[in-house]
Amino acid sequence: MERVKRVLSPPMVLLFLAFTVLVMLPEASATKWTVGNNQFWNPNINYTEWAKGKHFYIDDWLYFVYDRNQMSVLEVNKTDYESCNSDHPITNWTRGAGRDVVPLNVTRTYYIISGKGFCFSGMKVAVHVEKLPPPPKASPIKAGAPTLSFSGHILLMPLVFAIGAAWDAFIHFW
């Protein structure tokens, strides 16, 4: 009997409820984009092709891997991007390790080039950052169809945890 009291103690019940609420929260995560994939940030790579078809959202990151002794990661305006002018960067993201991150935290187009003439060898990329799309709306439930929801809240995961907790209490009690 003492063991059942320990399993159903207020801290354990609160822990169970907190875990259940966390499981029910929608998942959202930022994406870390390695620029150039496994070719990284190097000359003679078409970064326009690399960026094509990708969706960049607020809070994503661009991750640049390159030779720190030669290349750089410079954010410039559209005019300097098109002419490969690295004289007046908006932000110099080069930190010296050859592993640099550009946080995409504003909805706009980011223009990134490498200085020291490498831009003329194709080391430039433009990415348009957009807001995260809203989650898809749930399809309506057909009348008479079996469901595990109540007022739009999914009860499947809490039900699974409740059954697991009951089973655990039953095993420990007997």
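For the structure given in this document, a descriptive report is provided here. It should be emphasised that the depicted structure is a prediction, and the values quoted were computed from it without experimental measurement.

**Re the packing of aromatic side chains**
Here is step 1 of the chain: A full pass over the atoms with the stated rule returns five aromatic pairs.
Here is step 2 of the chain: An aromatic cluster is defined as three or more aromatic residues linked by ring pairs; in this entry it consists of Trp33, Trp50 and Phe56.
Here is step 3 of the chain: Sitting above the plane of the Tyr110 ring, Arg108 keeps its charged end 3.9 Å from the centroid.

**Side note on the sheet that holds strand β5 (residues 91-92)**
Here is step 1 of the chain: If you trace the five strands from one edge of the open sheet to the other, you get β2-β8-β7-β4-β5, paired in mixed fashion. Lying at the two open borders of the sheet, with one neighbouring strand each, are β2 (56-57) and β5.
Here is step 2 of the chain: When strand β7 (residues 109-113) meets strand β8 (residues 124-130), the two strands line up antiparallel, connected through five bridges. If you follow Tyr110 over to β8, its bridge partner there is Val127.

**What to know about the sheet that holds strand β6 (residues 99-104)**
Here is step 1 of the chain: Across the sheet, three strands lie side by side as β1-β3-β6; this open sheet has mixed pairing. Of all strands in the sheet, those bounded by a partner on one side alone are β1 (32-34) and β6. Ignoring which end each strand starts from, the neighbouring axes of this sheet average 25° apart.
Here is step 2 of the chain: Here strand β3 (residues 60-65) runs beside β6; their pairing, made up of six bridges, is antiparallel. When the bridges of β6 are listed, Tyr63 appears paired with Val101.

About the cut-offs
- Residues numbered from 1 in each chain as written.
- Predicted model: local features only at pLDDT ≥ 70, side-chain atom pairs only at ≥ 80, totals over all residues.
- Heavy atoms only, no water.
- Phe/Tyr/Trp six-rings, centres within 6.5 Å; stacked < 30°, edge-to-face > 60°.
- Lys NZ or Arg CZ within 6 Å of the ring centre and 35° of its normal.
- Pairing = 2+ DSSP bridges.
- Helix = DSSP H or I, 4+ residues; strand = E, 2+ residues; numbered from the N terminus.
- Axes fitted to C-alpha atoms, helices over the stretch in contact; angles between N-to-C directions.

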